[in-house]
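Spelled out, the chains give:
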Amino acid sequence: MTKKPLVDDYLESKCSDFSRPIVKRLREIYLSQGLHEEIKWGVPCYSHQGLICSIGAFKQHVASWFFKGVLLHDPHCVLRKAQESTQGLRSLYYTDGLQVDEQVVIQFVKEAMILNEKGAIVPSKKASPITPPDYFLEHLGKHKKALSTYEILSASKKKEYILWITEAKRPDTRHRRLRNMIA
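What you see is a predicted model, and the numbers here were worked out from it, not measured in a lab. (Residues numbered from 1 in each chain as written. Predicted model: local features only at pLDDT ≥ 70, side-chain atom pairs only at ≥ 80, totals over all residues. Heavy atoms only, no water.)

Can you help me understand the nonpolar core in this one?
General note: in soluble globular proteins, nonpolar side chains tend to be found buried as a group. Membership of the largest hydrophobic core comes to 33 residues, with the highest contact counts inside it found for Leu26, Tyr30, Leu35, Phe66 and Val105. Of all the elements in the fold, those that place two or more residues in this core are helix H1 (6-13), helix H2 (20-32), strand E2 (43-47), strand E3 (51-57), strand E4 (62-66), strand E6 (90-94) and helix H3 (102-118). Top element by residues in this core is H3. It accounts for eight residues. If we ignore the near neighbours within four places in the chain, the residues touching Leu26 are Ile55, Val62, Ser64, Tyr94, Val100 and Val105. With eight residues, the next largest nonpolar core counts Ala146, Ile162, Ile165 and Leu178 among its residues. (Core = buried A, V, L, I, M, F, W, Y, C linked by side-chain atoms within 4.5 Å. Buried < 20%, exposed > 50% of the residue type's maximum accessible area, 1.4 Å probe, protein only. Helix = DSSP H or I, 4+ residues; strand = E, 2+ residues; numbered from the N terminus. Contact = heavy atoms within 4.5 Å.)

Have a look at this one:
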């Protein structure tokens, strides 16, 4: 007896009777377009010169995410943004197998394949830098070694420290965090 491929295992163990036919249909469409199939992040993912899309089965819906979905033309307005902070990812959302429009899905797949072939990149939003408050810099200035260590940190690590200190609601919590930061 041969071991089933990982995606077959996903279909059997992670998909409910409700979601299995939808996932199988999407899988057929993706494979018919020549996409490479593998499991990443615990779900089926499909690629062609880079990631194209993935499928996730949930209790009451199935979602298929396009990694460069923000760059896809969506004349039918069917692609959803997962969260407000989501940059490139867009998803198709199904609560019934009859909702799967093969031609629309194929259109997205073909366009995503062309984007990958051209090396298209989802533009990233640069977060605005956070300016540390005066008391933060004054405290750091009293500890030269801590200041020199802070100065070589990446922008994201500096931001983490600033937010950790400034989000304290009580002054004694803020002072304790400043002391811990110096340590």
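Having put the structure on the table, let's press on.
Any chance you could explain the pattern of salt bridges here in plain terms?
Pairing between side chains of opposite charge can happen when their charged atoms approach one another. One pass over the structure, following the stated rule, counts seven salt bridges. Taking the shortest distance from any N to any O, the salt bridge between Lys157 and Glu160 comes out at 3.7 Å. Here Lys157 pairs with Glu160, and both are found in helix H6 (residues 155-166), just three residues apart, close to one helical turn. Salt bridges linked by common partners bring Asp8, Arg27 and Glu37 together as one network. (Salt bridge = Lys/Arg side-chain N within 4 Å of Asp/Glu carboxyl O.)

I'm lost on the side chain of Arg90 in this one. Help?
Assignment of secondary structure puts Arg90 in strand E6. One buried charge, Arg90, has no salt-bridge partner; the nearest side chain with opposite charge is Asp74, at 7.6 Å. Within the structure, Arg90 has its side chain in polar contact with the backbone oxygen of Gln87 (distance 3.4 Å). Discounting residues that sit within four places of it in the chain, Arg90 has contacts with Ser64, Trp65, Phe66, Gly69, Val70, Leu79, Arg80 and Lys81. (Lys, Arg positive; Asp, Glu negative; His and termini not counted. Polar contact = N/O pair within 3.5 Å; in protein donor to acceptor, adjacent residues only side chain to side chain.)

Explanation requested: unusual backbone geometry in the structure shown.
Note: most peptide bonds trans; most residues except glycine with negative phi. Although it is not a glycine, Gln49 sits at a positive phi angle of roughly 55 degrees. Here Gln49 is to be found in the loop between E2 and E3. Note on Gln49: relative accessible area 57%, which makes it exposed. Phi angles above zero are rare outside glycine, and Cys77 is one such case at about 55 degrees. Looking at the secondary structure, you find Cys77 in the loop between E4 and strand E5 (80-81).

Looking at this structure, how should I read H1?
The α-helix advances 3.6 residues per turn, and as a result positions three or four apart in sequence lie on the same side. Restricting attention to buried positions, one finds in H1 the residues Val7, Tyr10 and Leu11. Looking straight down H1, one finds that the buried residues subtend no more than 95 degrees of arc, so they occupy a single side. Exposed side of H1, more than 90 degrees from the buried face: Leu6 and Ser13 are the residues found there. Against H2, strand E1 (36-40), E2 and E3 lie the buried residues of H1. (Arc of directions from axis to C-beta.)

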